[in-house]
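If you want the building blocks of each chain, they are given just below.
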Amino acid sequence: MAILEVPTQFLTFTLAEEVFGVDIARVREVLEFTAITKMPHAPMEMIGVINLRGHVVPVMDLRLKFGMPEGERTVNTCIIILEVTAGDGSTTVIGALADSVKEVLELQPDQVAQPPKIGLSVRTDFIMGMGKQADHFTILLDTDKVFSQEELAGLAAA
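Residues numbered from 1 in each chain as written. Predicted model: local features only at pLDDT ≥ 70, side-chain atom pairs only at ≥ 80, totals over all residues. Heavy atoms only, no water.

Trainee: Could you clarify how one ought to interpret the overall build of the protein chain in this entry?
Mentor: Check the secondary structure of the protein chain and you find three helices and eleven strands. Starting at the N terminus, the α and β elements of the protein chain follow one another as β-β-β-β-β-α-β-β-β-β-β-β-α-α. Out of the 158 residues in the protein chain, the part that is buried amounts to 45%. Of the contacts formed within the protein chain by residues at least 6 apart in sequence, a portion of 54% connects residues at least 24 apart. Surface accessibility of the protein chain: about 9000 Å² in total, with carbon and sulfur atoms responsible for 54%. (Helix = DSSP H or I, 4+ residues; strand = E, 2+ residues; numbered from the N terminus. Buried < 20%, exposed > 50% of the residue type's maximum accessible area, 1.4 Å probe, protein only. Contact = heavy atoms within 4.5 Å. Areas by Shrake-Rupley, 256 points an atom, 1.4 Å probe, with all protein chains shown as cover.)

Trainee: Help me understand the sheet that holds strand S4 (residues 46–52), please; the structure alone is not making it clear to me.
Mentor: Picture the strands of a sheet paired through backbone hydrogen bonds; they go either parallel or antiparallel. Read across the sheet, five strands follow the order S3-S6-S7-S5-S4 without closing on themselves; strand pairing throughout is mixed. This sheet does not close on itself; its edge strands, each paired only once, are strand S3 (27–32) and S4. Each strand of the sheet is rotated relative to its neighbour by a mean of 30 degrees, with strand direction disregarded. Sheet topology note: the strand S6 (residues 78–85)/strand S7 (residues 91–98) ladder contains eight bridges and is antiparallel. Residue pairing for S7: Cys78 is matched across the bridge by Ala98. (Pairing = 2+ DSSP bridges. Axes fitted to C-alpha atoms, helices over the stretch in contact; angles between N-to-C directions.)

Trainee: I'm lost on the pattern of salt bridges in this one. Help?
Mentor: Counted according to the given criterion, the structure contains five salt bridges. The salt bridge partner of Arg28 is Glu83, with a shortest N-O separation of 2.9 Å. Here the residue Arg28 occupies a position in strand S3, and Glu83 occupies one in strand S6, the gap between them amounting to 55 residues. (Salt bridge = Lys/Arg side-chain N within 4 Å of Asp/Glu carboxyl O.)

Trainee: Teacher, can you tell me more about the nonpolar core here?
Mentor: Grouped burial of nonpolar side chains is what soluble globular proteins tend to show. Core analysis: the biggest nonpolar cluster contains 25 residues, and Phe13 and Leu141 have the highest contact counts within it. Among the elements of the structure, strand S1 (8–15), strand S2 (18–23), S4, S6, S7, strand S10 (127–133) and strand S11 (136–141) are those that each provide at least two residues to this core. If you tally residues by element for this core, the top one is S6, at four residues. Here Phe13 is in contact with Glu18, Val19, Phe20, Gly21, Val22, Leu62, Ile80, Ala98, Ser100, Val101, Lys102 and Leu141, once residues within four sequence places are set aside. Ranked by size, the runner-up nonpolar core spans ten residues in total, among them Ile50, Val59, Ile79 and Leu97. (Core = buried A, V, L, I, M, F, W, Y, C linked by side-chain atoms within 4.5 Å.)

Trainee: How should unusual backbone geometry be read in this particular structure?
Mentor: With glycine set apart, most residues show a phi of negative sign, and most peptide bonds adopt trans. Here the phi dihedral of Arg53 falls at roughly 50 degrees; this positive angle occurs in a residue that is not glycine. Position of Arg53 relative to the elements: it lies in the loop between S4 and strand S5 (55–61). Its relative accessible area of 62% is what places Arg53 among the exposed residues. Of note in this structure, Ala134 is not a glycine but carries a positive phi near 45 degrees. Residue position: Ala134 is located in the loop between S10 and S11.

Right, dumping it as C-alpha cells:
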C-alpha cells in the first residue's frame, strides 16, 4: 500500500546534517528566529513561547526532541509554525525550531518508501515515510505523531 495517494508537497528543513520534511498543508508560516520567553518547569525540548500576533505559541527544539545535540543559532535558524491535530480532533499551533529551511519539494507516491523497522526500543511511529531523491532520503514527519497526546495536553494547559 502506498504511503501517498497523490503527489504531495513537503517543506524540507535541516536538523544537524539530516533533511526532514513536513506536509506543506500543515505549515502555517516560517519565521526568522526571534526572542523566546522561557517557561519554568517546561520539558527540555520546549525551549519557550513566542508571541505570534497576540497568540502564545510554544516552541519545541526538534533537535532535542529527536535526541540530537543542541545546535548553534545562526542567521538560517528559523521557527516553522505547524498545525498539529490531537487524538480528540482539536488543533494546536506549535513552533518547531529548525537549523534552516531548504525548499518545498513535491514527491510522487512512488518516491516515498516505508520508514525502516528499527526494533522495539527505537520509536519511529512519527516518521510517515522516507522521500527518495537521487542518492539521498528526506525523513518525512507525521506532525500529528511527533508530539505525544500528553505533550499536546500540557501545551494546551500552559
